[in-house]
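These are the residues of each chain, in order.
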Amino acid sequence: MKAERNYLIHPSYIIMFLILAAVSALFLGFSAAYLYNRLQSNIPPIKLPPLFYFNTLILIGSSLTLKWAKMSYLDDNTRNYKIALIITLALTLAFLGSQIMAWFQLYNSDIFINYNNMASYMYLISGIHFAHVVAGIPFLVVFVINAVRKMKSPVSVLIYFSDLAKKRRLDLFNIYWHYLDGLWIYLVLFFLVNWLVG
């Protein structure tokens with residue numbers, strides 16, 4: 001195992017925060033464009049389908065289970081670590097499936113992507129968030145596969161839990177995932193407040 005260099009802040013964290021800053025700027029830009037178009041064109045906002053709120057609960061659940069996975073990793077608890085990762089993956093897939101159903105709810109209400117500017121922004125903004133969740137799945141799958149394959153004997157478990165690079169990757173993934181969950185909550189509240197104020 002290679003020796004770790006000592007950093008005040010590891011470059012991986014800097015890269016992650018730069019990525020999240022760029023994503024934040026993107027969604028803030030879309031939020032501003034949504035408000036501008038709504039006020040400029042005087043178009044009423046779209047009411048969120050009920051599944052958007054249910055999906056919020058699913059994402060919060062995935063955040064909690066991923067936090068559980070991290071705590072289990074730090075406690076060297078192999079069983080809980082594997083279970084937490086698998087549940088996180090299952091909740092993530094449930095979110096994606098439920099979000100597709102939420103778009104079908106809009107579609108069945110005759111609110112298509114070209115219905116008006118507000119509908120277009122709702123599809124676009126939620127779709128981009130969806131894409132960011134999809135982008136995180138391969139990393140989550142790798143965590144699950146490594147946990148199942150490499151954590152069988154006491155020696156392999158010891159090596160896995162003592163690997164600083166794996167710990168850092170898990171920490172980075174936690175940051176990314178909690179950010180996406182917080183971003184989704186912001187988006188749901190943003191659309192909800194816009195609909196309430198009319």
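Refer to the preceding data block for the structure.
The structure reproduced in this document is the subject of the present report. Within each chain, residues carry numbers counting from 1 in the order of the written sequence. Only residues with pLDDT of 70 or above have their local features reported here, since the model is predicted, and side-chain atom pairs are shown and tallied only from 80 upward, although totals for entire chains, interfaces and linings are computed over all residues. Note that water and hydrogens are dropped before the side-chain values are worked out from all heavy atoms of the structure.

Counting 58 residues, the largest nonpolar core has Tyr 81 and Leu 85 as its most contacted members. The set of elements that each furnish at least two residues to this core consists of helix 1 (11-41), helix 2 (50-74), helix 3 (78-108), helix 4 (117-150), helix 5 (154-161) and helix 6 (164-197). Considering every element that reaches this core, the biggest residue donor is helix 4, with 14 residues. In this structure Tyr 81 touches Ala 69, Ser 72, Tyr 73, Phe 143, Ala 147, Met 151, Tyr 160 and Leu 170, once residues within four positions along its chain are discounted. As used here, the term nonpolar core means buried Ala, Val, Leu, Ile, Met, Phe, Trp, Tyr and Cys residues forming a set that is joined through side-chain atoms within 4.5 Å. Residue burial is assigned from relative accessible area. The probe radius is 1.4 Å, only protein chains are included, and a residue is buried under 20% of its type maximum, exposed over 50%, and partly exposed in between. Helix and strand assignments follow DSSP, with helices taken as H or I runs no shorter than four residues and strands as E runs no shorter than two, numbered in order from the N terminus. Working rule for contacts: check all heavy atoms of both residues, and any pair within 4.5 Å makes them a contact.

A separate point is the packing of helix 4 against helix 6. It is at 11 Å that the axes of helix 4 and helix 6 come closest, and there the two elements cross at 160 degrees. Taken together, the axis directions place helix 4 and helix 6 in an arrangement best described as roughly antiparallel. As for the relative orientation of helix 4 and helix 6, their crossing is left-handed in sense. Of the residues in helix 6, those in contact with Tyr 121, Met 122, Ile 125, Ser 126, His 129, His 132, Val 133, Ala 135, Gly 136, Phe 139, Leu 140 and Phe 143 of helix 4 are Lys 166, Arg 169, Leu 170, Phe 173, Tyr 176, Trp 177, Leu 180, Leu 183, Trp 184, Leu 187 and Phe 191. Only the stretch in contact is used when fitting a helix axis, every axis being a line fitted to C-alpha atoms; angles between N-to-C directions are given from 0 to 180 degrees. The labels follow the angle: roughly parallel below 35 degrees, roughly antiparallel above 145, roughly perpendicular from 65 to 115, and oblique for the rest. Here a crossing is called left-handed whenever its near helix is offset anticlockwise from the far helix by less than a right angle, and right-handed whenever the offset is clockwise.

Next up on the list: the packing of aromatic side chains. For this analysis, a ring pair means two rings from Phe, Tyr or Trp (six-membered ring only for Trp) whose centres lie within 6.5 Å, classed as stacked if their planes differ by under 30 degrees, edge-to-face if by over 60, and tilted for the remaining angles. One pass over the full model with this rule turns up 17 aromatic pairs. Ring centres 6.1 Å apart and planes at 70 degrees place the aromatic pair Tyr 81 and Phe 161 in the edge-to-face group. In this pair, Tyr 81 is assigned in helix 3 and Phe 161 in helix 5, connecting sequence segments 80 residues apart. For Tyr 81, a relative accessible area of 0% gives the class buried. With a centroid separation of 5.7 Å and an interplanar angle of 70 degrees, the aromatic rings of Phe 190 and Phe 191 are classed as edge-to-face. Each of the two residues, Phe 190 as well as Phe 191, counts as buried. In this structure an aromatic cluster arises from ring pairing among Tyr 34, Tyr 121, Tyr 186, Phe 190 and Phe 191.

Here Asn 194 is to be found in helix 6. Among the residues examined, Asn 194 registers a relative accessible area of 5% and is labelled buried. Apart from residues lying up to four places away in sequence, Asn 194 is in contact with Tyr 34, Leu 35, Arg 38 and Pro 45.

This part takes up the environment of Ala 147. You can see Ala 147 is positioned in helix 4. Judged by its relative accessible area of 1%, Ala 147 is buried. Sequence separation of Ala 147 and Ile 86 is 61 residues, and the distance between their C-alpha atoms is 9.7 Å. When sequence neighbours within four positions are dropped, the list of residues in contact with Ala 147 reads Tyr 81, Lys 82, Leu 85 and Tyr 160.

A separate point is the side chain of Asp 163. By the element assignment, Asp 163 lies in the loop between helix 5 and helix 6. When its relative accessible area of 14% is taken as the criterion, Asp 163 is described as buried. At 2.9 Å, the side chain of Asp 163 and the backbone nitrogen of Ala 165 are in polar contact. Two N or O atoms count as a polar contact when they lie within 3.5 Å, although within protein this holds only if one can serve as hydrogen donor and the other as acceptor, and sequence-adjacent residues are included solely when both atoms are side-chain atoms.

Bringing helix 2 into the picture now. Multiplying 1.5 Å by the residue count of a helix minus one yields the expected span of that helix. Here helix 2 is 25 residues long and its end C-alpha atoms lie 37 Å apart, about the 36 Å a rise of 1.5 Å per residue gives. Looking at the residues trailing helix 2, positive phi occurs at Asp 76, about 60 degrees.

So, about helix 5. Taken as a whole, helix 5 has its buried residues at Ser 156, Val 157, Tyr 160 and Phe 161. Down the axis of helix 5, the smallest arc covering the buried residues is 125 degrees, so these residues share one side. Across from the buried face of helix 5, at angles greater than 90 degrees, the exposed residues are Pro 154, Val 155 and Leu 158. Looking at the buried side of helix 5, the elements it contacts are helix 2, helix 3, helix 4 and helix 6. Think of it as the arc spanned by the lines of direction from the helix axis to the C-beta atoms.

It is worth stressing that arrangement in space is one thing and function is another; only the former is reported here.
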